[in-house]
Amino acid sequence: MKFLCLPGAYGSADKFQVQLAPLVNELLSDGAASFRFINAPCEAVPPKGFEDFFGKPPYYRFIEPDEKGTDDTDVLSRIRDFPECDTPEDTMRELFKEGIATSVLSTKRAIKFLLDIMDKEGPFEGIIGYSEGATVAGTLLLAEQDLLKKRGRKPMIKCAVFFAGWPPLDPTTFSMVLSDESDTMIDIHTVHIIGSLDPYVDGSMALYNTCEPDYAHIFDHGKGHTLPREKAVIKELGDVIRNMIAESTGGTGVNVGE
């Protein structure tokens, strides 16, 4: 299966390929998957104090504020003080409650950018997103569902792997999709890799809650806002993804952990 791979905010195709290398090598070992890593379309500058965290430039983002004001209008500037509420959905509402600039223009551009790549280089049957890339991947999946309803365009992507991430944006209203406010749901097979120590784990769970529960699988690597690299964890995760691929294509899965 060919996967389109979307890095997180302030990342790049090269950096994401390094971060994901253990899993890539695991899935290449038996030909289970191939990968196309891309840069996001918007050049970016990390928030003050985070320059070292994201490594050396260049930096890219998929989504940016429609109007460039102060840092306070960019939701990513608020990750220093990520809220904790009773439910994942309440946490996301608190994070976005006031003063955040809209991101309609860049979201539209990102979806068009990805659909163009899919048309030119596809077919891509799978998608992998990390952090902001996971949010954009989810938004793209909803856009494919919307295009099927409105234009009869058959969705290309059959399954998705989300590393962390936040809920998707509705491709029509561009508001965040929250499961306690909307019936909109990602309806393909998904694997959600979370870290129980991730300070942003509520975002990951709010994303999980927007996916069809019969097709969604949670994999907790037990660490923070990082990608797993330990050999045993990668082997188990590789088998989980192999099973997702099999389920989404009608193939035969494997026994996880053997």
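Preceding block: the structure.
Basis of the calculations
- Residues numbered from 1 in each chain as written.
- Predicted model: local features only at pLDDT ≥ 70, side-chain atom pairs only at ≥ 80, totals over all residues.
- Heavy atoms only, no water.
- Helix = DSSP H or I, 4+ residues; strand = E, 2+ residues; numbered from the N terminus.
- Buried < 20%, exposed > 50% of the residue type's maximum accessible area, 1.4 Å probe, protein only.
- Contact = heavy atoms within 4.5 Å.
- Areas by Shrake-Rupley, 256 points an atom, 1.4 Å probe, with all protein chains shown as cover.
- Pairing = 2+ DSSP bridges.
- Axes fitted to C-alpha atoms, helices over the stretch in contact; angles between N-to-C directions.
- Core = buried A, V, L, I, M, F, W, Y, C linked by side-chain atoms within 4.5 Å.
- Polar contact = N/O pair within 3.5 Å; in protein donor to acceptor, adjacent residues only side chain to side chain.

Caption draft 1: Broad picture of the overall build of the chain. What the chain contains, in helices and strands, is seven helices and eight strands. By the burial criterion, 53% of the 258 residues in the chain qualify as buried. In the chain, of all internal contacts separated by at least 6 residues, the share reaching a separation of at least 24 is 75%. Accessible surface, the chain: about 12400 Å² in total, of which carbon and sulfur atoms supply 51%.

Caption draft 2: Structural detail: the sheet that holds strand β2 (residues 34-37). The strand order β2-β1-β5-β6-β7-β8 describes an open sheet built from six strands, whose pairing is parallel. Across the chains shown, the open sheet's two edge strands, defined by having one partner strand only, are β2 and β8 (216-220). For this sheet, the mean inter-axis angle between neighbouring strands, taken without regard to orientation, is 20°. Where strand β7 (residues 189-194) lies against β8, five bridges are found, and the strand directions are parallel. Bridging across to β8, Ile194 finds its partner in Asp220. Sheet strands touched by helix α6 (residues 201-208): β6 (159-163), β7 and β8. Its angle to β7, the strand with the most contacts, is close to 170°. Sheet strands in contact with helix α7 (residues 231-249) are β1 (2-6), β6, β7 and β8, and its direction is about 165° off that of β7.

Caption draft 3: View of the nonpolar core. Ranked by internal contacts, the top residues of the largest apolar core, which has 42 residues, are Leu4, Leu6, Phe62, Ile127 and Phe162. Where this core is concerned, the elements lending two or more residues are β1, α3 (88-95), α4 (104-121), α5 (132-151), β6 and α6. Sort the elements by how many residues they give to this core and α5 lands first, with eight residues. Beyond its immediate chain neighbours, meaning those up to four positions away, Ile127 contacts Phe3, Leu4, Leu6, Ala137, Leu140, Leu141, Ile157, Cys159, Ala160 and Val161. Counting 28 residues, the second largest nonpolar core, distinct from the first, contains Ala13, Tyr130, Phe163 and Val191.

Caption draft 4: Broad picture of the side chain of Glu132. Relative to the helices and strands, Glu132 resides in helix α5. Of the residues examined, Glu132 reaches a relative accessible area of 9% and is grouped as buried. Here Ile63 takes part through its backbone nitrogen, which lies 3.4 Å from a polar atom of the side chain of Glu132. For Glu132, the contacting residues outside a window of four places in its chain are Pro7, Gly8, Ala9, Arg61, Phe62 and Ile63.

Caption draft 5: Seen up close, the side chain of His189. Among the secondary structure elements, His189 is positioned in strand β7. Contact partners of His189, with chain neighbours within four places excluded, come to Lys158, Cys159, Ala160, Tyr215, Met244, Glu247 and Ser248.

Caption draft 6: Broad picture of unusual backbone geometry. Of note, the amide linkage connecting Pro57 to Pro58 takes the cis form, showing an omega dihedral of 10°. Relative to the assigned elements, Pro58 resides in the loop between β3 (42-43) and β4 (60-61). Of note, the bond from Gly122 into Pro123 is cis; its omega dihedral lies within 30 degrees of zero at 10°. Checked against the element boundaries, Pro123 lands in the loop between α4 and β5 (126-130). Notably, Tyr10 is not glycine yet its phi reads approximately 70°, a positive angle. Turning to its location among the elements, Tyr10 is positioned in the loop between β1 and α1 (13-19). The exposure class of Tyr10 is buried, given its relative accessible area of 3%. Positive phi values are uncommon outside glycine, yet Ser131 reaches one of about 55°. Looking at where Ser131 falls in the secondary structure, it is placed in the loop between β5 and α5.

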